[in-house]
Amino acid sequence: MWSLLHFVTSTVQSKLPAQQQPSATSTAAQLQKEFVPILNLFSLLYPDREPLPPPDPTRLEAVLDTAMASIWVVYSSRAAADGVELPRPVPYILTAQIKWLMEQSESLPPASNLSTDHTVALLLSVYSNNTEVSSKLLNILIDAVAPSSSSGTTPDLCMLPLRSLSTIAMHAKIRLMDKVKHHLVQVAEASKQLPSGHPPTITPALLETYSRLLIWLGTRNFQTHLIPAVFKSQAWPVLHALLEVIAYRVHLQLQYSYRFQLLQQLHTVVGVSIIPTQLFVCAENTTLRLIQGLSSPEFLLQLAKLYASDPKPLLSQESEELNRVFVCVLAKSMHISNLDTTNWLESFMRAVFTAAPQSWPEATSRFFPASLRQLCSALHTADYQVALVSKAEEEYRKFNVARGKANERELIQTYTDSESASLFLCVLWQQLLETGTLSSTCIKIVQRTQAKKLAAYARKMVDYIVFTCPSPSSAPQFNSVVAYLNELVWKYHIFPLDRLLLCMVMRGYDGRYATIGLSLIHNMLLTNQDLQTRVTSLVENVRPDHWNCQNWHSIHTEFLHSFPETFHPELPGVPATTSSTMTMYFGNVCFRFLPVLCLYLNRLLEIPEMAALHLEETLDKFGCLFAFHAHPANHLYTTLHYYLMSLQERPELKKKLVATVMGSQRRIRNLKWYFSPLFCEFLCAVEPVSGWTPPTQYYRSLLDKLVKGLEPFSLSAPSCDWQCSEFSGSLPLSLTCACVELLGLPLGGTQVACQLLKALYSMAEDKDSHEDVLPLINALALIFISLPDCYQSVLYDSVLKVLETLGPETRVSPTPVRGTPSCLLSLMHSFWLHGNLGLLLALPQWLQLQVGGVVSNEGQLLYVLQLLGPILHRVIAEKPKLLLDIVMEIYRLLKVVDQRQKGLLQHSDIICDFLYHIKYRHIGHAHGKKEEIEQLVTSLHLPLKTRLRFLTHSLAENAD
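Residues take numbers from 1 onward in each chain, read along the sequence in its written order. Since the coordinates come from a predicted model, pLDDT governs what is reported: local features require at least 70, and pairs of side-chain atoms require 80 or more to be given and counted, while whole-chain, interface and lining totals use all residues. The side-chain quantities take in all heavy atoms of the structure and omit both hydrogens and water.

The name given to the protein chain in an unreviewed UniProt entry is Mediator of RNA polymerase II transcription subunit 23, and the organism recorded there is Geodia barretti. UniProt positions are given in the numbering used here, feature names are shortened, and annotations may be inferred rather than shown by experiment. As stated in UniProt under Subcellular location (unreviewed entry), the record for the protein chain gives "Nucleus".

Q: Quick question: what am I supposed to make of the packing of aromatic side chains here?
A: Two numbers describe a pair of aromatic rings. These are the distance of the centres and the angle of the planes. By convention, a stacked pair of Phe, Tyr or Trp rings (six-membered ring in the case of Trp) has centres within 6.5 Å and planes under 30 degrees apart, an edge-to-face pair has planes over 60 apart, and any other such pair is tilted. Scanning all chains against the criterion turns up 31 aromatic pairs. Where Trp673 meets Tyr674, the ring centres are 5.1 Å apart and the plane angle is 80 degrees; that geometry is what we call edge-to-face. One exposure class covers both Trp673 and Tyr674, and it is buried. Measuring from ring centre to ring centre gives 4.5 Å for Phe682 and Trp692, while their planes differ by 20 degrees; the resulting arrangement is stacked. Here Phe682 is found in helix H35 (residues 677-684), whereas its partner Trp692 is found in the loop between H35 and helix H36 (696-710), with ten residues between them in sequence. Aromatic rings pair up to connect Tyr256, Phe260, Phe299, Phe326, Trp344 and Phe348 into one cluster. Here, a charge over a ring is recorded when the distance from Lys NZ or Arg CZ to the ring centre is within 6 Å and its angle to the ring normal is within 35 degrees. Over the face of the ring belonging to Phe682 we find Lys655, whose NZ or CZ atom lies 5.2 Å from the ring centre. Each residue is placed in one exposure class: buried if its accessible area under a 1.4 Å probe, protein chains only, is under 20% of its type's maximum, exposed if it is over 50%, and partly exposed if it falls in between. Helix and strand definitions here come from DSSP, where helices need a minimum of 4 consecutive H or I residues and strands a minimum of 2 consecutive E residues; each element is numbered from the N-terminal end.

Q: Please explain unusual backbone geometry as it appears in this structure.
A: Both trends apply: most residues other than glycine have a negative phi, and most peptide bonds are in trans. One non-glycine residue, Gln234, lies in the positive phi region at around 55 degrees. Looking at where Gln234 falls in the secondary structure, it is placed in the loop between helix H11 (220-233) and helix H12 (236-250). A positive phi angle is found at His493, which is not glycine, with a value near 60 degrees. For His493, the location among the structural elements is in the loop between helix H25 (475-490) and helix H26 (497-505). The class for His493 is buried, based on a relative accessible area of 18%.

Q: Could you clarify how one ought to interpret helix H20 (residues 385-405) in this entry?
A: One less than the number of residues in a helix, times 1.5 Å, gives the span that helix is expected to have. Its 21 residues place the ends of H20 31 Å apart at the C-alpha level, agreeing with the 30 Å of an ideal helix rising 1.5 Å per residue. By definition, residues are in contact when any of their heavy atoms lie within 4.5 Å. In the core, the buried residues of H20 are packed alongside helix H21 (408-417), helix H22 (424-435), helix H23 (440-447) and helix H24 (451-468).

Q: Can you help me understand the pattern of salt bridges in this one?
A: Between side chains of opposite charge, pairing is possible as soon as their charged atoms come close. Here a salt bridge means any side-chain nitrogen of Lys or Arg lying within 4 Å of a carboxyl oxygen belonging to Asp or Glu. With the rule as written, the count across this model stands at 26 salt bridges. Ionic pairing is found between Asp65 and Arg59, a salt bridge with its closest N-O pair at 3.3 Å. Note on Arg59: relative accessible area 36%, which makes it partly exposed. The partner of Arg507 in a salt bridge is Glu320, and the shortest N-O contact between them spans 3.2 Å. With Arg507 in the loop between H26 and helix H27 (511-527) and Glu320 in helix H16 (residues 320-337), this pair connects stretches of sequence that are 187 residues apart. Neither residue differs from the other here; Arg507 and Glu320 are each classed as buried. Several salt bridges converge on common partners, so that one network encompasses Glu284, Glu321, Arg459 and Arg499.

Below is the structure:
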């Protein structure tokens, strides 16, 4: 009934103009048609004689209890507006509830505590089509989440709970979101009249409620109206708050088209010279989170569509680091999708190198797909180490000379507007190394430097530090460099920690310099207690499941008061001259550090020696932060998949990574919510992993679990707030966690894949019909699709082994009930039909290089045709040119079989019918391959040559 209420309230027509009003007779007939079936359904579901009691508004179930009474009120309001009567009187069973609803609508209650009183949410769904009542209800909600200064209401305690919000009718949610948007625009416009240092008042409850509405309704109006309006008003504190909403609340639920549009808007924000440093840092961190959330196979398809329709690349003209992250995400998507080449890749990469000339280290590019690696090598920029070091040292000498001659104002002017400004941070660093402190002149220069320029100068400073830094083995000198880097962050506040670390992680160092750079980061993180203290306090006090915590903002505000942040360079004891820090509603240094931590761990995995030295210790100290990661399971799956080559020989490290990332979720749900019990025991065990091998039953139970996840209404599926989850439902959850399990096992890919196939064959033997086997086959196919090539190669090798066992007269049944060939046949169909396009693109080469070396008789050829037949319709739909390449390989196989059997084929009619079907249904005259087809057919023995003479006109004419 509650679902029916949502449908009814969204379809009840608004009152039409007088000249378009239908007659009373037609209106009554329409009500009769709509309302009577609903009333009959109600009579069937509620046969009780006594009136249903009035609801308890403190229980969320009240909206369900009053669903039928709410429907009656909706239709009675419509009938009264149209001047007609309902076809039946009020049922006696509904009288008490309808009376209660009427009384509540006449004396609207104040929303003093929305977390325990759901009256307003209930009435909004009932009276959403009543303009007068719904406007009053919406005003109550707005006053509750954004009270005036005279109100005594505490904003943090009045946010609308997510479950309560979900009960409101959809178009009532839309009206509420429009009202919140209008309120934010008013706040942004009013901020122009506020004196400097007095940010506009936006309550956390308002932003939290708005973010929950965005999760339900999408961000279209947010991006097309609210962001441009606030940006035009230059209301930077309001814009900062909205960017935090995107970064920490709704970016996980964004569709790709909206995500791409937001990236372009954020690049525009970062490109503005007048924005404060804090807004610059927030915009860059939001962009980083949006880019990191793109790593999925669907990303490539969406990016190709966008790049084809809009030539403007989704690249930053200001931040080389963000562009590098974008390329890394692109590489991961290509790797997981098995797509090694795209039409737009070269122009896209040229745009990357045009925005910022760069070089990619060998340690990073060796994980790239071949086509991307070749482009990076071709566009490589020459090293500039010697030139930078000499220029920086010369500039420092000039600075010391000028400081003795010129006054402070001239010196500041020189290093903020001239060409020397790009090397000033190198000068600043050298002064810190030599004197152990920074002069007030240096601080003033940094204060007058725009945020985006400071970010650009930081790259040269980091390069200069790494190029001149002693080896980590030189402990005293190296430790002093680490100490001064920490002083830049925590003492002088030249850079926020996340901004400096992002620059250091994404520099293109290789060899010795990569070791120095990563060692500097490692020691910065572990030798300074500022960050570690903040991380410990955050994990102990702030809950990751903010949607279930009504006092989350109070706790977070206490954390910020305990560990205040500043984004303005300053000398210790000397107050900053710039504006005050903007209010941080959802963000803090630990949250901003988390995406940088992911990049740092990836960089360690690229260099095995550094991973062995630093990875486990870093996970021990900061792995708990993954409790606040937006998509930990998907991030872990991508990492294990992409860095399989680095992790395969280090099972202990792989186990540590999985246990740390997923174990951090224990405050929300335990490991068994994600993984099977046996794998959880493996992760929690302290014994070495080298001797652990899961039993056969483990693979069977894993397949059973995934099959249950495939069921659309499975009662065994785990429950959670899906709108706040990284998964859209039980299927992606089950599939991703199954793949993480298999990738996390201390076994090679070949061994795991063989065990999965054995589990399928044994489970198929226990089934009575092929309908029972098909779910198992589909589940295993989805697993193989999601695993790396070394797992998938076992499938192709199994096909070759089956082909080797087939004789000339062997026929394989397509029904997957008994026998390896039949099960494997259906598994390959599911594998190719559900897989991405990259699997299909590899077919011609596989047929030529591997299948062609095995097929030599008619039985084998028929099995190959059985493999390929069901997937041809997908090939022609998605890649028509690929079909011709596959068909050519079939003709070559036919030629080999015909020669081996000297034209004596028992099923030549079936084979020829298959080829004619492809010709007349799909490829026609096969332009470009016509001559080669004619040569192949001409070389066949007479029986086949005669049957295939109508493939081309030339063959038919020669036959005549």
